[in-house]
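Structural overview
Residues per chain are reported as follows:
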Amino acid sequence: MTQVEAVARHYDALDVHYREIWGEHVHHGYWRSGRERPEQATRALVELVADAAEIRAGARVCDVGCGYGATSRWLVAERGAAVVGLTVSAAQHRHALADLGGAENPRILLRSWLDNGLPDQAFDAVIAIESISHMEDRARVMAECHRVLVPGGRLVVLDWLAGEGASRWQRRALLDPICRDGRLPELNTLRDYARLAATAGLTEVHGRDISAHVWRTWPVVLARGVRRLPSDRELRRLVLDRSHAEHGFITMTVRVLVGYATRAFRYGMLTARRA
Ligand SMILES: C[S@@+](CC[C@H](N)C(=O)[O-])C[C@H]1O[C@@H](n2cnc3c(N)ncnc32)[C@H](O)[C@@H]1O
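Remember, it's a predicted structure, so these values are computed and weren't measured experimentally.

Focus on the pattern of salt bridges
Where side chains of opposite charge bring their charged atoms close, a pairing between them can arise. If you walk through the whole model with that rule in mind, you get 23 salt bridges. The salt bridge partner of D15 is R19, with a shortest N-O separation of 3.0 Å. In this pair, D15 and R19 are both assigned in helix α2 (residues 15-22), four residues apart and thus about one turn of the helix distant. For R273, the salt bridge goes to E204, with nearest N and O atoms at 3.0 Å. With a gap of 69 residues between them, R273 in strand β7 (residues 265-274) and E204 in strand β6 (residues 202-209) connect regions that are remote in the sequence. Judged by relative accessible area, which is 18%, R273 ranks as buried.

So this is what it looks like as structure tokens:
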């Protein structure tokens, strides 16, 4: 099975759980004070990306790994952008199209970023929220970001990361299983991402560790899952059936929390510009 197929299978198999537990946005929230409600934190993360990507009315935006298309739709509705989103999950694509009800903006494609077929210099901004960590060949991933951006265009990447100083033990006990169960070929550090962006020819490369603002996502997700258990037979099956192909996702949730607490696992934002 290729990496793209493994990721597609993961999101297709867990489709119903993602929608019921995470909702239509399959990404962390961003807490400024720590007192916000989860929906406010979800919106804050999208606003953070939109602002960093300098998305204004009429901007052409590519949403790499768009999930159910919720961020793409938000950028159209709230910022007046023209958005193209890509996902490799047929289930996500189907739901995204159903939510659009025939509207043509955003345009949601069932297609891999590594084989995107998009024209050169077609976008004012490329955003990738928690998708690049699923992809192999990150040098090519960044080269594609550079290729489709217009000169002056912005790249904003939010992603799961390895801590800069993760020990061998932390890699073995936390990061390697997170990669295996989350269908991630590897976890890069923020510095790795910055180097990849610079090597692809991007300028104004800036990385920011925002773990302190986002880690609260996981207690929220765990609590939602636990609350659903008594009434959700499929979720109970996922939790209890060790032979379920995506069973590891449950323990991964706990490993991510331990990873944040021990700084082995991090979450960061990379911004860059095509010169
Ligand atoms: C954690 S979800 C994030 C979804 C979305 N960005 C959001 O914030 O709701 C990861 C997404 O990356 C997408 N993805 C993973 N590998 C991909 C690839 N090679 N090309 C395009 N999308 C990919 C998956 O299909 C999925 O939609």
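Observations regarding the site of the ligand
Surrounding the ligand, one finds 22 residues, the nearest of these being V26, G65, T87, Q92 and W113. Contact between the ligand and I129: a nitrogen atom at 2.9 Å from a main-chain N or O atom of the residue. A total of 590 Å² of accessible area belongs to the ligand in isolation, and the protein chains cover 98% of it. Among the secondary structure elements, those contributing two or more residues to the shell around the ligand are α1 (3-13) and β2 (82-87). The element best represented in the shell around the ligand is α1, accounting for three residues. Grouping the constituent residues of the shell around the ligand by class yields 10 nonpolar, 10 polar and two charged.

Here we look at the nonpolar core
Membership of the largest hydrophobic core comes to 50 residues, with the highest contact counts inside it found for I55, V61, L75, W160, I178, L187 and Y267. Grouped together as the second largest cluster of nonpolar side chains are 30 residues, F123, M142, L149 and V157 included.

Things to note about a nonpolar patch on the surface
Judged by side-chain polarity, L222, V254 and V258 come together as a nonpolar surface patch covering roughly 200 Å² of accessible area. Here V258 is to be found in helix α12 (residues 248-262). Take V258: its relative accessible area is 37%, and that puts it in the partly exposed class.

A look at unusual backbone geometry
Going from N105 to P106, the amide bond is cis rather than trans, its omega being 5°. In this fold, P106 is placed in the loop between α5 (90-100) and β3 (107-110). Positive phi, normally seen in glycine, also occurs at E54, with a value near 55°. Here E204, not a glycine, exhibits a phi torsion of approximately 50°, which is positive.

Reading the values: rules and limits
- Residues numbered from 1 in each chain as written.
- Predicted model: local features only at pLDDT ≥ 70, side-chain atom pairs only at ≥ 80, totals over all residues.
- Heavy atoms only, no water.
- Salt bridge = Lys/Arg side-chain N within 4 Å of Asp/Glu carboxyl O.
- Helix = DSSP H or I, 4+ residues; strand = E, 2+ residues; numbered from the N terminus.
- Buried < 20%, exposed > 50% of the residue type's maximum accessible area, 1.4 Å probe, protein only.
- Near = heavy atom within 4 Å.
- Polar contact = N/O pair within 3.5 Å; in protein donor to acceptor, adjacent residues only side chain to side chain.
- Areas by Shrake-Rupley, 256 points an atom, 1.4 Å probe, with all protein chains shown as cover.
- Nonpolar A, V, L, I, M, F, W, Y, C, P; charged D, E, K, R; others polar.
- Core = buried A, V, L, I, M, F, W, Y, C linked by side-chain atoms within 4.5 Å.
- Patch = residues over 30% accessible without salt bridge, like charges linked within 9 Å, V, L, I, M, F, W, Y side chains within 5 Å.

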